[in-house]
Amino acid sequence: MNHLKDIHDEAARLLQANEVVDAQRLFDVVLQCQRHRHGPSHPDVASALHNIGITQLRAQNHEEALKAFEEAARVRKGSLGKSHQLVAVSLVKVGITLLLLHRFDEALWSFREALSVRKHALGALHPSSARIYNNIGCVHVEFNEFKEARRAFEGALDVQRSALLNDPENAPLMFATATTLCNLGYLYRYRDMHAKASDVLKEAVSLQETVLGRNHSTVLSTLDNLADSCANSGNAAEALRFYNNVLERFPN
C-alpha cells in the first residue's frame, strides 16, 4: 500500500514497453489495493479497472478487456456521476472493444452514449468529440449505412475545423482532420461522387503534407486516391498532374 504509486508507474512503464503480461500483473495488484483501501465503488478502483482493460486490449484478450472497461464505466458512473468526462473515456473503450468483437450494434450504442456524455461534460465542439463521431461513422460503414456514416464524418469535420480556427498550428489536430477528410473521400468515391471526393482529398493532402512532409507514404497514398478521383470525375489534366506528383516523390 505504501508503494502503490511506484507500482502503478512501473506497470505503466511496462505497458509502454509492450511487456503486457508483467504490466497486467502489477495493475492487478493496484486494483486489489485500491479495493482494499476504498471499497469496490471508488474512482481509483475504476481507474485501475480501466488500466487493466487497456492491458487486456493490448494482449488481444478482447472479452476480458470488455469486462474491465464495462466495470470501469459502471463504477465511474456511480462514483463520479453519469455525465463525467471519465465515463465517456471508458465508454469509448467499450465501443472499440465491441468493434473488435464484431458486435457492431452494441458498439454503436456505446459510442453514442460516450458522445452524449462528452458533449455534456466538455461542450459540443470539443475536439475529442470528433474521434467519437469518426468511430460512429466507421460502425455505419460496417453496416453499409453510408448516409449515416457521411453524417457522422461530417460531424467530426465540423468539430475539427472549428478547433483548427482556434489552434491552427496543432499538428495532431491537423492530422486527425486529414483522416476525417480521407474517410469522407472514401465514402464519396464508393458512391461515385468523384468530384466531391477530389475536393476533400485535396484538403487532406494539404494537411498531411504540413504534418508529415511531402514524401511520406500516407501522403503518397492520399495523392494516388486523389488522382484516381480526378480521373473518374473526368478531370484528366488534374489526374495526370497528381499521378506525376506521386511518381516524382516516390523513393528511388
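Quick note: structure is the one above.
Here goes a summary of the coordinates provided.

Within the chain, the regular secondary structure consists of 12 helices and zero strands. Written out in order from the N terminus, the α and β elements of the chain read α-α-α-α-α-α-α-α-α-α-α-α. Each of the three principal axes of the chain carries a C-alpha extent, and together these read 70 × 40 × 35 Å. Scored against the burial criterion, the 252 residues of the chain give a buried share of 43%. A fraction of 52% describes how many contacts in the chain between residues 6 or more apart in sequence connect residues 24 or more apart. In the structure as shown, the chain presents an accessible area of about 13100 Å², 51% of it carried by carbon and sulfur atoms. For the chain, the separation between the mean place of its 28 positive charges and that of its 29 negative charges on side chains is 4 Å.

Our next topic: the packing of helix 9 (residues 171-190) against helix 10 (residues 194-212). Helix 10 packs onto helix 9 with a crossing angle of 155° between their chain directions and a minimal axis gap of 8 Å. For the element pair helix 9 / helix 10, the angle class is roughly antiparallel. The handedness of the crossing between helix 9 and helix 10 comes out as left-handed. Between helix 9 and helix 10, the contacting residues are Ala171, Met174, Phe175, Thr177, Ala178, Leu181, Cys182, Leu184, Gly185, Tyr188 and Arg189 on the first element and His194, Lys196, Ala197, Val200, Leu201, Glu203, Ala204, Leu207, Gln208, Thr210, Val211 and Leu212 on the second. Broken down by class, the residue content of the contact of helix 9 with helix 10 amounts to 15 nonpolar, five polar and three charged.

Let's shift gears to helix 9. Between its first and last C-alpha, helix 9 extends 29 Å over 20 residues, near the 28 Å set by a 1.5 Å rise per residue. Among the residues making up helix 9, those that are buried are Leu173, Met174, Thr177, Ala178, Thr180, Leu181, Asn183, Leu184, Gly185, Leu187 and Tyr188. For helix 9, the secondary structure elements touched by its buried residues are helix 7 (128-142), helix 8 (146-166) and helix 10. The backbone nitrogen of Leu173 has a side-chain oxygen 3.0 Å away, supplied by the residue at the start of helix 9, namely Asn170. Phi turns positive, to about 60°, at Asp192, one or two residues after helix 9.

With that settled, consider the environment of Thr97. Topologically, Thr97 is positioned in helix 5 (residues 85-100). Apart from the residues lying within four places of it in its own chain, the contact partners of Thr97 are Leu57, His62, Ala65, Leu66 and Phe69.

Take the packing of aromatic side chains next. Under the criterion given, the structure shown has three aromatic pairs. For the pair Phe104 and Phe143, a centre-to-centre distance of 6.0 Å together with 80° between the ring planes defines the contact as edge-to-face. Of the two residues, Phe104 is situated in helix 6 (residues 104-122) and Phe143 in the loop between helix 7 and helix 8; the sequence distance between them amounts to 39 residues. Look at Phe104 and you get buried, because its relative accessible area is 17%.

Here the focus is unusual backbone geometry. Even without glycine at this site, His102 takes up a positive phi of about 60°. Note on placement: His102 falls in the loop between helix 5 and helix 6. Taking the relative accessible area as the measure of exposure, His102 reaches 59% and is therefore exposed. We note that Asn144 has phi near 60°; this positive angle belongs to a residue other than glycine. Within the secondary structure, Asn144 sits in the loop between helix 7 and helix 8. Taking relative accessible area as the criterion, Asn144 reaches 52% and is therefore assigned exposed.

What follows is about the side chain of His140. Within the secondary structure layout, His140 lies in helix 7. Engagement of the side chain of His140 in a polar contact is seen with the side chain of Glu145, the distance being 2.7 Å. Ignoring any residue separated from it by four or fewer positions in sequence, one finds His140 in contact with Leu108, Arg112, Glu145, Glu148 and Ala149.

Looking now at the packing of helix 10 against helix 11 (residues 217-232). With their axes 9 Å apart at the nearest point, helix 10 and helix 11 run at an angle of 160° to one another. Considered as vectors, helix 10 and helix 11 are oriented roughly antiparallel to each other. Two packed elements cross with a definite hand, and for helix 10 against helix 11 that hand is left-handed. For the pair helix 10 and helix 11, contact is made by His194, Ala197, Ser198, Leu201, Lys202, Ala204, Val205, Gln208, Glu209 and Leu212 and by Thr218, Val219, Thr222, Leu223, Asn225, Leu226, Ser229, Cys230 and Asn232, respectively. Here the contact of helix 10 with helix 11 is built from residues that sort into nine nonpolar, eight polar and two charged.

What counts and how
- Residues numbered from 1 in each chain as written.
- Predicted model: local features only at pLDDT ≥ 70, side-chain atom pairs only at ≥ 80, totals over all residues.
- Heavy atoms only, no water.
- Helix = DSSP H or I, 4+ residues; strand = E, 2+ residues; numbered from the N terminus.
- Buried < 20%, exposed > 50% of the residue type's maximum accessible area, 1.4 Å probe, protein only.
- Contact = heavy atoms within 4.5 Å.
- Areas by Shrake-Rupley, 256 points an atom, 1.4 Å probe, with all protein chains shown as cover.
- Lys, Arg positive; Asp, Glu negative; His and termini not counted.
- Charge placed at Lys NZ, Arg CZ, Asp CG, Glu CD.
- Axes fitted to C-alpha atoms, helices over the stretch in contact; angles between N-to-C directions.
- Parallel < 35°, antiparallel > 145°, perpendicular 65-115°, else oblique.
- Left-handed = near helix turned anticlockwise from the far one by under 90°.
- Nonpolar A, V, L, I, M, F, W, Y, C, P; charged D, E, K, R; others polar.
- Expected span 1.5 Å × (residues − 1).
- Polar contact = N/O pair within 3.5 Å; in protein donor to acceptor, adjacent residues only side chain to side chain.
- Phe/Tyr/Trp six-rings, centres within 6.5 Å; stacked < 30°, edge-to-face > 60°.

Everything listed is a geometric property; what it means functionally is a separate question.
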